[in-house]
Amino acid sequence: MNMKKIRLIVLFLVIVITCKSQWVVENSPGQTGRYHGISFMVNNKAYIGLGQSQSNTKLIDIWEFDYVTNTWKQMADFPGKGKYASTSFVINNKAYVCLGADNNGNGTNELWEYDSANDSWSQRAAFPGSSRYGASCFVIGDTAYVGTGSTGSSTLKDFYKYVPSTNTWTAISSLPGDGRSHGIGFSLNQYGYIGTGYSWGSVYNDIWKYNPISNTWSSVTPINGARMGAVAFTINNTAYVATGYDLNSELNNVQKYSETTNSWEILTTTGNFIGRHAAVVFTNSNKFYIGSGVFISAVLNDFASYSLTINGVDNNPELTGADVYPNPFNSVLKINLKKPKQYTEAKIYNSKGQLVKNQTLTNAENIIETGSFISGFYVIKIINNEDVQELKLIKK
C-alpha cells in the first residue's frame with residue numbers, strides 16, 4: 001500500500017472519529033436540583049428556574065447563564081407561586097412563563113412576562129383554557145401557541161395562541177391526537193410541531209404539524225421510541241429531541257428531525273451523560289445544554305453540553321433553502337434547491353480561504369464535480385439575491 005492511500009485512510013478514520021459529538025460536563029447553578037423546571041434564552045443569555053426539588057418544594061428561583069464566562073448568576077425570583085411543569089417561550093426579547101402546578105398539585109392559568117434588561121416581572125392576560133400543567137408550546141413569528149397538558153384529573157388537547165403586542169389569547173384547532181401532558185413542541189419554517197407525551201399509563205411517539213395559515217394539523221413521521229418529559233429545540237433550522245422517559249427507563253439519546261425528508265435520525269454520541277426526563281435545555285450557536293431532571297428517583301442538578309460542530313465540521317447538514325450532500329463527500333457534491341429561482345451560484349473555498357470552485361446553479365438538482373479536490377476541510381457558500389448561506393464540508 002502506497003503512502004498516499006495510507007494518508008487517505010488515516011484522514012478518513014480521523015473524520016469518522018471527530019465527527020462524533022461528545023458530552024461535556026458544565027457548571028451547575030446553585031445547590032438545588034430540580035425537575036419540570038423552565039428554560040429560555042434572551043439577549044445571548046440562558047435562564048432556568050422554577051420546578052420541584054428532591055424534597056417536593058415548588059421553586060421560584062431564576063438563574064442566568066453567561067455563555068462567555070461559563071458562570072451562573074441568581075436573578076429576581078419568580079413573583080408568582082412556586083410551581084413545576086410550567087411552560088415558557090420567548091417573543092421579541094421578552095420571556096413568558098405560564099401555567100404549571102402549584103403546591104397542591106393543582107394546575108394554574110397565570111401568565112408572567114420577564115424583562116431581562118431590568119430583571120423584572122409583570123403579570124399578563126391569564127390563559128383562557130382550563131388551568132393545567134405539563135403543557136407544550138411553539139412560537140411562530142410574534143405569536144405563541146400553547147396547548148395540551150393535564151388538569152390532574154384529565155389530559156387535554158385544546159390549543160390557544162397568544163399575541164404579546166395585544167396581550168390577547170385566541171382559541172385555535174385542537175390537537176387531533178390524544179390528549180396528553182409533558183410532550184414536546186418546536187417550530188420550523190413557519191410550522192409548529194407537537195408530539196410525544198403521557199396520558200394515564202401510556203406514552204406517545206406521534207408528531208403533529210400545525211399550519212397557522214389554514215389552522216390545521218397533519219401527522220408526520222413519529223419519533224423513534226415513545227416517551228414523555230423529553231426536551232426539544234432547534235439549531236440551524238433543524239429540530240432535535242433528547243432525553244425522556246418511556247415508562248421503563250430514562251433515555252439519553254438525541255434525535256434529529258429533517259423536515260425535508262420527514263425523517264428522524266438518532267445521533268451517535270460519545271462521553272457520559274445520565275439519561276433523564278423532565279430536564280431543561282438551552283442552546284448557543286451549534287451547542288446545546290441539558291441539565292436538571294430526574295434519573296430514577298434522584299433529582300439532578302448537573303449540566304452537560306453537546307456540540308454539533310467538532311474541529312470546525314458542522315454535523316448539521318441542513319440549510320434554509322438547500323440540501324447539500326453527502327458530507328463527507330468524495331468525487332461528487334449534490335445541491336438540491338427548495339426554490340431554484342432564488343439561488344444563483346455556489347462557491348467552494350478550501351481551508352486556506354482560496355476559491356476552488358464557482359458554479360452557477362440553474363436547476364433544482366445540481367451536481368458539482370469534486371474529484372480533483374484534495375482531502376481536507378472546505379466551506380461552501382450558496383448565494384441568492386438576498387443573502388449568503390455557508391456550510392462546512394469534508395472531502396475524504
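The structure displayed is predicted, hence computed values, not measured ones. (Residues numbered from 1 in each chain as written. Predicted model: local features only at pLDDT ≥ 70, side-chain atom pairs only at ≥ 80, totals over all residues. Heavy atoms only, no water.)

Draft legend 1. Expanded view of the sheet that holds strand β14 (residues 184–188). Read across the open sheet, the 4 strands follow the order β14-β15-β18-β19; overall the sheet is antiparallel. Sheet topology places β14 and β19 (216–220) at the edges, where each strand pairs with a single neighbour. Taking the axes of each pair of neighbouring strands and ignoring which way they run, one obtains an average angle of 25° across the sheet. (Pairing = 2+ DSSP bridges. Helix = DSSP H or I, 4+ residues; strand = E, 2+ residues; numbered from the N terminus. Axes fitted to C-alpha atoms, helices over the stretch in contact; angles between N-to-C directions.)

Draft legend 2. Region of interest: the side chain of Gln255. Of note, Gln255 is situated in strand β22 (residues 250–258). Gln255 sits in the buried class, given a relative accessible area of 0%. Within the structure, the side chain of Gln255 is placed 2.8 Å from the backbone oxygen of Asn224, a separation counted as a polar contact. When residues no more than four places from it in sequence are discounted, the contact partners of Gln255 are Ile223, Asn224, Arg227, Ala239, Tyr240, Val241, Trp264, Glu265 and Ile266. (Buried < 20%, exposed > 50% of the residue type's maximum accessible area, 1.4 Å probe, protein only. Polar contact = N/O pair within 3.5 Å; in protein donor to acceptor, adjacent residues only side chain to side chain. Contact = heavy atoms within 4.5 Å.)

Draft legend 3. Expanded view of the pattern of salt bridges. Considering all chains together, one arrives at 10 salt bridges under this definition. Among the ionic pairs, Arg180 bridges to Asp206, the shortest N-O distance being 2.7 Å. On the criterion of sequence distance, the pair formed by Arg180 in the loop between β13 (168–172) and β14 and Asp206 in the loop between β17 (202–203) and β18 (207–211) is long-range, its members being 26 residues apart. A single network of salt bridges, built from pairs that share partners, joins Lys45, Glu64, Asp66 and Lys73. (Salt bridge = Lys/Arg side-chain N within 4 Å of Asp/Glu carboxyl O.)

Draft legend 4. Summary view of unusual backbone geometry. Backbone torsion omega between Tyr325 and Pro326 reads -5°, so that peptide bond is classified as cis. With respect to the secondary-structure elements, Pro326 resides in the loop between β32 (322–325) and β33 (332–337). A positive phi angle is found at Asn43, which is not glycine, with a value near 50°. Tracing the sequence through the fold places Asn43 in the loop between β2 (38–42) and β3 (45–49). The phi dihedral of Asn215 is positive, around 55°, even though this residue is not glycine. Inspection of the secondary structure assignment puts Asn215 in the loop between β18 and β19. Judged by relative accessible area, Asn215 falls into the partly exposed class, the value being 28%.

Draft legend 5. Local environment of the confidence of the model for the protein. The share of residues in the protein with pLDDT of 70 or more is 90%, and the mean pLDDT across the chain is 88. In the model, residues 1–20 has pLDDT below 50 throughout and makes 20 contacts with residues more than four positions away in sequence or in other chains. (pLDDT = per-residue confidence, 0-100.)

Draft legend 6. Geometry of the sheet that holds strand β12 (residues 155–163). Read from one edge of the open sheet, 4 strands run β10-β11-β12-β13, paired in antiparallel fashion. Across the chains shown, the open sheet's two edge strands, defined by having one partner strand only, are β10 (136–140) and β13. The mean inter-strand angle of the sheet, taken between neighbouring strand axes irrespective of direction, is 25°. Bridging between β12 and β13 involves 5 bridges; their strand directions are antiparallel. Of the residues in β13, the one forming a bridge with Lys161 is Thr170.

Draft legend 7. Geometry of the pairing of strand β4 (residues 62–66). Most of β4 is tucked away, with 5 of its 5 residues classed as buried. Because side chains alternate across β4, one face comprises the buried residues Ile62, Glu64 and Asp66, and the other comprises Trp63 and Phe65, equally buried. Sheet topology places β3 next to β4; 5 bridges connect them, and they run antiparallel. Looking across to β4, one finds that Ala46 is bridged to Phe65. Note that β4 and strand β5 (residues 71–74) share 4 bridges and pair antiparallel. Bridging across to β5, Phe65 finds its partner in Trp72.

Draft legend 8. The environment of Thr196, seen in detail. Residue placement: Thr196 occurs in the loop between β15 (191–195) and β16 (198–199). Along the chain, Thr196 and Gly225 lie 29 residues apart, while their C-alpha atoms are 9.1 Å from each other. What Thr196 contacts, discounting residues up to four positions off in sequence, is Arg180, Gly183, Ile184, Tyr204, Asn205, Asp206, Ile207, Ile223 and Arg227.

Draft legend 9. Geometry of the packing of aromatic side chains. Evaluation of the coordinates by the stated rule reveals 43 aromatic pairs. Ring plane angle 85° and centroid distance 5.1 Å describe the contact between Phe127 and Trp169, whose orientation is recorded as edge-to-face. Of this pair, Phe127 sits in the loop between β9 (120–124) and β10 while Trp169 is found in strand β13, placing the two residues 42 residues apart along the sequence. For Phe127, a relative accessible area of 2% translates into the label buried. Using a relative accessible area of 14% as the deciding quantity, one classes Trp169 as buried. (Phe/Tyr/Trp six-rings, centres within 6.5 Å; stacked < 30°, edge-to-face > 60°.)

Draft legend 10. Representation of the side chain of Glu250 within the structure. Within the fold, Glu250 resides in strand β22. Among the polar contacts listed, one links the side chain of Glu250 to the backbone nitrogen of Ile296, at a separation of 3.0 Å. Aside from chain neighbours lying at most four places away, what touches Glu250 is Gly244, Tyr245, Gly275, Arg276, His277, Val294, Phe295 and Ile296.

Draft legend 11. Seen up close, the state of the cysteines. By the definition in use, this model includes 0 disulfides. Cys98 carries a free sulfur, and the closest cysteine sulfur to it, the one in Cys137, is 6.9 Å from it. (Disulfide = S-S within 2.5 Å.)

Draft legend 12. Focus on the environment of Tyr96. If you trace the backbone, Tyr96 turns up in strand β7 (residues 94–98). The class of Tyr96 is buried, set by a relative accessible area of 3%. Not counting chain neighbours up to four residues away, the residues in contact with Tyr96 comprise Thr87, Ser88, Phe89, Ile91, Leu111, Trp112, Glu113, Tyr162 and Pro164. At 2.7 Å, the side chain of Tyr96 and the side chain of Glu113 are in polar contact.

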